Amino acid sequence: STDYYVVRTTTASGTGAYSFVVSPQTNTRLKVDVGGQDSDSVVIGVRPAISLRPVRTAAYTYTMTGRVRPVREGQLVSVYARTPSGDRLVGRARVGADGIWQTSHRFTVAGSYPLYASTTGDMTSAAGRSPVVGTAIK
């Protein structure tokens, strides 16, 4: 969108310095208007916060659950395992209206695999990634 709205007003110091804080929930384009003169616009990419909790439900089988904030119902979350041959997709799920997602995977071999969940970026939000969670597969 190229529609702009006033979100903050401030007064510059004697040296012309100013600052303000914004906390947008989605990607946002900002510009500054000083005395009718517009600055170039700048895009602030907002990364979602993503959590991941793997739980063993049977031999070699794990259910991975997490939450995405801000909530974007239907957003796709992908879960990857880091392996010696590269990152391997082990599950995908869509975010529910409550921000929660869940997927299951049956691993074929035992071992210790760092897992992480990620989302791709789009016009609404930047790509996001959970912290890596070390998981012992047994």
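Notes on the structure follow. (Residues numbered from 1 in each chain as written. Predicted model: local features only at pLDDT ≥ 70, side-chain atom pairs only at ≥ 80, totals over all residues. Heavy atoms only, no water.)

With that out of the way, let us pick up the overall build of the protein. When helices and strands are tallied, the protein shows zero helices and 13 strands. Traced from its N-terminal end to its C-terminal end, the protein shows the element sequence β-β-β-β-β-β-β-β-β-β-β-β-β. A compact globule built from 138 residues would reach a C-alpha radius of gyration of about 14 Å, whereas the protein, at 21 Å, exceeds it by more than 25%. In terms of overall dimensions, the protein has C-alpha extents of about 65 × 30 × 20 Å along its principal axes. Burial statistics for the protein: of 138 residues in total, 29% are counted as buried. Counting only contacts in the protein whose residues sit at least 6 apart along the sequence, the fraction spanning at least 24 positions is 49%. Both charge centroids of the protein, one from 16 positive and one from 8 negative side chains, sit 18 Å from each other. (Helix = DSSP H or I, 4+ residues; strand = E, 2+ residues; numbered from the N terminus. Rg over C-alpha atoms; globule rule 2.2 N^0.38 Å. Buried < 20%, exposed > 50% of the residue type's maximum accessible area, 1.4 Å probe, protein only. Contact = heavy atoms within 4.5 Å. Lys, Arg positive; Asp, Glu negative; His and termini not counted. Charge placed at Lys NZ, Arg CZ, Asp CG, Glu CD.)

Following the sequence through the fold, Thr 57 ends up in strand E6 (residues 53-58). Not counting the four nearest positions on each side in its chain, Thr 57 is found in contact with Tyr 62 and Thr 63.

As a further point, take the pairing of E6. Two elements, E6 and strand E7 (residues 61-69), share five bridges in a ladder whose sense is antiparallel. Note that in E7 the partner of Arg 53 across the bridge is Thr 65. Joining the antiparallel neighbours E6 and E7 is a turn of two residues, in which Tyr 60 adopts a positive phi near 65°. (Pairing = 2+ DSSP bridges.)

A word on the pattern of salt bridges. Summed over all chains, the structure comprises two salt bridges. One salt bridge connects Asp 38 with Lys 31, and the closest N-O pair in it is separated by 2.9 Å. Among the ionic pairs, Asp 122 bridges to Arg 72, the shortest N-O distance being 2.8 Å. Placement of the pair is Asp 122 in the loop between strand E11 (111-119) and strand E12 (128-129) and Arg 72 in the loop between E7 and strand E8 (76-83), with a sequence separation of 50 residues. Taking relative accessible area as the criterion, Asp 122 reaches 37% and is therefore assigned partly exposed. Since its relative accessible area comes to 22%, Arg 72 is described here as partly exposed. (Salt bridge = Lys/Arg side-chain N within 4 Å of Asp/Glu carboxyl O.)

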